[in-house]
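Residues per chain are reported as follows:
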Amino acid sequence: MYGRDPWGGALEMNATDSATDDDRSRNLQDFDKAALSRNLDETQQSWLLGPTEQKKKKYVDLGCVIVSRKVFKWIVGSIIAAALIAGFVTLIVKTVPRHRHHNPPPDNYTLALRKALMFFNAQRSGKLPKHNNVSWRGSSGLQDGKSDDSTMFKNLVGGYYDAGDAIKFNFPQSFALTMLSWSVIEYSAKYEAAGELTHVKDIIKWGTDYLLKTFNSSADTIDRIVAQVGKGDTSGGPDPNDHYCWVRPEDIDYPRPVTECHSCSDLGAEMAAALASASIVFKDNKIYSQKLVHGARTLFKFAREQRGRYSSGNEASIFYNSTSYWDEFVWGASWLYYATGNSSYLQLATTPGIAKHAGAFWGGPDYGVLSWDNKLAGSQVLLSRLRLFLSPGYPYEEILSTFHNQTSIIMCSFLPFFTSFNRTKGGLIQLNHGRPQPLQYVVNAAFLATLYSDYLAAADTPGWYCGPNFYSTDVIRQFAQTQIDYILGKNPRKMSYVVGFGNHYPKRVHHRGASVPKSKVKYNCKGGWKWRDSSKANPNTLVGAMVAGPDKNDGFHDVRTNYNYTEPTLAGNAGLVAALVALSGDRSVGIDKNTIFSAVPPMFPTPPPPPAAWRP
């Protein structure tokens, strides 16, 4: 085969040429090297030299992958550069002054709430936990139950002292726990925002753990419960007891008797309300919640079967006399319905005969006043909630409608436009008609008023009628605010009636533990009287205690021996805590609509699915 030689002449291409690559390589070396020194054009160079030799690439072995060394250096360099830039920017951000955006400071209600809860820490009986946070308190009452041979209940350690003494009264203590549980169920988000949800639940559990010891909580049927631990003899006798002796609870060395009762419907139903409401608070702890529900059922059964007033003919009538047990029947049954969803409890709570005995259909001077003795107003608000949000209809509608209307009337009576209750010149409502110790009733009313306004708001109802006049929910909420503001210092004396809140508050609180110094000196019964009668301020500050309050003329005497002015109570502080958390924080948060109904089954059966489409 012949081809054209681009340099001129013929180029012979012999297919049978057997010259090997090695031969060609040797032949190239025989060329005239001088001829190669001539300047060749691009084409000639390409024919002579062939392809240019490429530089060998270098790689980096990273174990899981092999990358080019050039790429590796570029990546590492980029990372180092980015780190340097980020560090430089961070340095600038930290050193350059700027305006910080802080959360708004807590309102007065939140600040007071944190202090009011501390009062319960100071009232604890039993073996105190390390986190109790009251430096001048220690463990006490460790022999409660054991020191009385007449009782079958040998372990009654725990619970709370009622007021300035060292007696444990189960009746007002149970009411206090019910109020605290109610406030947690409705306003858990506000407690959490204040950082107090764990604290208040711990307070409630300390009380319910004790209540479970005061009866046979594992049984289905019982015939007795403990009404009180300690003795409050006011006759002035020489025998040491919890009223005659003015000593710190930690120094008590005298026997403390246990009072049992066998016919005490009011106490049994109130304790049932406390355990049932707490079971909703602790619904996430299934075992404990079920234990509380079982105890509540047992107590309520006892209350219904063994009728009688717990304070009839005994010492309790001097301190916490119960006037009736019908209101506790409505109260306890309502809470048991919410805790169990068992409609038999709702049927009982809405029985017209029981409501009539409880005073639901007649007025009277104390109608609408919620207290440790009368729970009717609280029951009516609690059942109005059921009507507003679930509307169960027949056969409950008639009595629920009555309760709802009565609740509206109670709210009207709180307003200054009406004359159901007088007010002091400073604006404090006289729910107990000028009698001593008014604040415990005021805080309960403030809680109910705020709660009802939040119920209406959650039900998209702007207000309610008082006769022909319509009032917005803001009016009833404003009533609650003015009353709590009075207690916190907006009053003629410019005094806060909550110890430790503000700059001017009672310094001589009627309280044994707060008035006797914590020292190695142990005083006997009479030896402590010098601290009771002293005009000096208490050596220990009882933080958060709401005292009994001023008189009907806005007057107040900061005197330790006058308990009508200066003694705090569990029931009073529980109402204060409930009112404070309801008013605290962001109003838009409102109530928790659903938690209280967590055990309540659907009111109406689920409708069946629609039939399948008809086909010919």
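Since this is a predicted model, take the numbers as computed values, not measurements.

1. Brief notes about the state of the cysteines
1) Next: Counted under the stated rule, the structure contains 3 disulfides.
2) Next: Between Cys 245 and Cys 525 runs a disulfide, and the two sulfur atoms are separated by 1.8 Å. Linking Cys 245 and Cys 525, the disulfide has an S-S dihedral of approximately 55° and is accordingly described as right-handed. Of the two residues, Cys 245 sits in the loop between β6 (225-229) and β7 (258-261) while Cys 525 sits in the loop between α17 (512-515) and α18 (529-532), which places them 280 residues apart along the sequence.
3) Next: For Cys 261, the disulfide goes to Cys 264, at an S-S distance of 2.0 Å. Judged by the torsion about the S-S bond (80°), the Cys 261/Cys 264 disulfide is right-handed.
4) Next: What links to what in the protein: the bonded cysteines, counted in sequence order, pair as 1-6, 2-3, 4-5.

2. Some details on the nonpolar core
1) Next: Core analysis: the largest hydrophobic core is formed by 164 residues, its most contacted members being Trp 182, Ile 225, Trp 335, Tyr 338, Phe 414, Phe 447 and Ile 484.
2) Next: Per element, the largest residue contribution to this core is 13 residues, and it comes from helix α15 (residues 439-458).
3) Next: Setting aside residues up to four positions removed in sequence, Phe 447 forms contacts with Met 179, Trp 182, Ser 183, Tyr 187, Ala 578, Ala 579 and Ala 582.
4) Next: Residues Tyr 161, Ala 166, Tyr 244 and Ile 252 belong to the second largest nonpolar core, which totals 8 residues.

3. A short note on the pairing of strand β9 (residues 469-472)
1) Next: Bridge count between strand β8 (residues 463-466) and β9: 4 bridges; the pairing is antiparallel. Across the sheet, Trp 464 pairs through a bridge with Tyr 471, a residue of β9.
2) Next: Counting the residues that bridge the hairpin from β8 to β9 gives 2 residues, and of these Gly 467 lies at a positive phi of roughly 65°.

4. Topic: the packing of aromatic side chains
1) Next: All chains considered together, the criterion is met by 31 aromatic pairs.
2) Next: Ring centres of Trp 182 and Trp 331 lie 5.8 Å apart, and the angle between their planes is 65°; on these two criteria the pair is classed as edge-to-face. Taken together, the residues span a long stretch of sequence, with Trp 182 in helix α5 (residues 170-193) and Trp 331 in helix α10 (residues 326-340) at a distance of 149 residues.
3) Next: Since its relative accessible area comes to 0%, Trp 182 is described here as buried.
4) Next: For the ring pair Phe 418 and Tyr 471, a centre distance of 6.4 Å and an interplane angle of 70° mean the geometry is edge-to-face. Of the two residues, Phe 418 is situated in the loop between α14 (397-414) and α15 and Tyr 471 in strand β9; the sequence distance between them amounts to 53 residues.
5) Next: A relative accessible area of 13% places Tyr 471 in the buried class.
6) Next: Positioned above the aromatic ring of Phe 329, the side-chain terminus of Arg 304 is 4.9 Å from the ring centre.
7) Next: Just above the ring of Trp 529 sits the side chain of Arg 532; from NZ or CZ to the centre is 4.7 Å.

5. Focus on the packing of helix α4 (residues 108-122) against helix α20 (residues 570-583)
1) Next: Running from N to C, α4 and α20 point in directions that differ by 155°, and their axes come no closer than 9 Å. One way to sum up the angle between α4 and α20 is to call them roughly antiparallel. Two packed elements cross with a definite hand, and for α4 against α20 that hand is left-handed. Contacts between α4 and α20 pair Tyr 109, Ala 112, Leu 113, Ala 116, Leu 117, Phe 119 and Phe 120 from the former with Leu 570, Asn 573, Ala 574, Leu 576, Val 577, Leu 580, Val 581 and Leu 583 from the latter.

6. Focus on helix α16 (residues 473-487)
1) Next: Taking 1.5 Å of rise per residue, 15 residues should cover 21 Å, and α16 covers 22 Å from first to last C-alpha, within 8% of that figure.
2) Next: In the segment just after α16, Gly 489 is the residue with positive phi, at about 135°.

7. Structural notes on the UniProt feature "active site" (unreviewed entry) in the protein
1) Next: Here, UniProt's "active site" (unreviewed entry) annotation points to His 510, Asp 558 and Glu 567. Across 58 residues of sequence, these annotated residues stay compact in space, with a maximum C-alpha separation of 10.2 Å.
2) Next: Along the chain, Asp 558 falls in the loop between α18 and α19 (563-566).
3) Next: With sequence-adjacent residues up to four places away left out, Asp 558 is seen in contact with Tyr 505, Pro 506, Lys 507, Arg 508 and Thr 566.
4) Next: There is a polar contact of 2.8 Å between the side chain of Asp 558 and the backbone nitrogen of Lys 507.
5) Next: Look at Glu 567 and you get buried, because its relative accessible area is 16%.

8. A look at the pattern of salt bridges
1) Next: Under the counting rule described, the total for this entry stands at 20 salt bridges.
2) Next: The salt bridge partner of Arg 385 is Glu 186, with a shortest N-O separation of 2.8 Å. Residue Arg 385 is located in helix α13 (residues 376-389), and its partner Glu 186 is located in helix α5; the two are separated by 199 residues in the primary sequence. The burial state of Arg 385 is the same as that of Glu 186; both residues are buried.

The rules we used
- Residues numbered from 1 in each chain as written.
- Predicted model: local features only at pLDDT ≥ 70, side-chain atom pairs only at ≥ 80, totals over all residues.
- Heavy atoms only, no water.
- Disulfide = S-S within 2.5 Å.
- Helix = DSSP H or I, 4+ residues; strand = E, 2+ residues; numbered from the N terminus.
- Core = buried A, V, L, I, M, F, W, Y, C linked by side-chain atoms within 4.5 Å.
- Buried < 20%, exposed > 50% of the residue type's maximum accessible area, 1.4 Å probe, protein only.
- Contact = heavy atoms within 4.5 Å.
- Pairing = 2+ DSSP bridges.
- Phe/Tyr/Trp six-rings, centres within 6.5 Å; stacked < 30°, edge-to-face > 60°.
- Lys NZ or Arg CZ within 6 Å of the ring centre and 35° of its normal.
- Axes fitted to C-alpha atoms, helices over the stretch in contact; angles between N-to-C directions.
- Parallel < 35°, antiparallel > 145°, perpendicular 65-115°, else oblique.
- Left-handed = near helix turned anticlockwise from the far one by under 90°.
- Expected span 1.5 Å × (residues − 1).
- UniProt positions renumbered as here; feature names shortened; annotations may be inferred.
- Polar contact = N/O pair within 3.5 Å; in protein donor to acceptor, adjacent residues only side chain to side chain.
- Salt bridge = Lys/Arg side-chain N within 4 Å of Asp/Glu carboxyl O.

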